[in-house]
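Coordinates in review
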Amino acid sequence: MSRPTIGAERLRFRLAGSGADDGEWSAEARASGVVWSRDGKRVNSTPPTADRLWQLTTLYIDPQKKEREAQRTGTERIGAEDCIRYHFTDANSSAAQDVWVSTTDGHVVAMKRESRGAFPSYSLTVRKMGK
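Now for a description of the structure that goes with this document.

**Notes on the overall build of the chain**
The helix and strand inventory of the chain stands at 1 helix and 9 strands. Each helix (α) and strand (β) of the chain, taken in turn from the N terminus, gives the series β-β-β-β-α-β-β-β-β-β. Within the chain, the proportion of its 131 residues that are buried is 33%. For the chain, long-range pairs separated by at least 24 residues make up 26% of all intrachain contacts whose partners lie at least 6 apart in sequence. Of the roughly 8,300 Å² of accessible surface on the chain, a fraction of 48% belongs to carbon and sulfur atoms.

**A word on the pairing of strand E7 (residues 96-102)**
In terms of burial, E7 is a largely internal element, 6 of the 7 residues being buried. Note: strand E6 (residues 81-89) against E7, 7 bridges, orientation antiparallel. Across the sheet, the residue bridging to Thr 89 is Ala 96, located in E7. Here E6 folds back onto E7, and the loop between the two strands holds 6 residues, one of which, Ser 94, carries a positive phi near 65 degrees. Bridging between E7 and strand E8 (residues 108-115) involves 6 bridges; their strand directions are antiparallel. Residue Ala 96 lies in a different strand from E8, and its bridge partner there is Glu 114. As consecutive antiparallel partners, E7 and E8 are separated by 5 residues, and within that stretch Gly 106 has a phi angle of approximately 85 degrees, a positive value.

**Thoughts on the nonpolar core**
Nonpolar side chains tend toward joint burial in soluble globular proteins. Membership of the largest hydrophobic core is limited to 10 residues, which are Leu 11, Phe 13, Leu 15, Trp 25, Ala 27, Ala 29, Trp 36, Ala 50, Leu 53 and Trp 54. Breaking this core down by element, the ones donating at least two residues are strand E1 (10-15), strand E2 (23-30) and helix H1 (48-58). Of all hydrophobic cores here, the second largest spans 5 residues; its members include Ile 78, Trp 100, Val 109 and Ala 110.

Parameters and conventions
- Residues numbered from 1 in each chain as written.
- Predicted model: local features only at pLDDT ≥ 70, side-chain atom pairs only at ≥ 80, totals over all residues.
- Heavy atoms only, no water.
- Helix = DSSP H or I, 4+ residues; strand = E, 2+ residues; numbered from the N terminus.
- Buried < 20%, exposed > 50% of the residue type's maximum accessible area, 1.4 Å probe, protein only.
- Contact = heavy atoms within 4.5 Å.
- Areas by Shrake-Rupley, 256 points an atom, 1.4 Å probe, with all protein chains shown as cover.
- Pairing = 2+ DSSP bridges.
- Core = buried A, V, L, I, M, F, W, Y, C linked by side-chain atoms within 4.5 Å.

Spelled out as structure tokens, the structure:
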């Protein structure tokens, strides 16, 4: 997911193992709403998983946290960047979440969300793919 500015989000992911919905999916926020493509061709309908991924990635760090605020859990290197790792638990869904923030300029380098027993259980990891 990339967000050059608020309201200009773009998402790209590969869906595999679900059969008819498998493929390379992309979405882009526009004034008229989210525009979806599959394997490079615009589509009007998406599987429920695609809409859920859009929500999870574009609203990722915003939920109310059980810990009240994210907890600093250490420092790690992601690619060529030194990062501070933060952990929190979504107060509504109980999904465990980690966010790695660059020590250089404060941008989000990676995010990970683990959810068990939710629609359906999943693990989602998003990493910076370049500037």
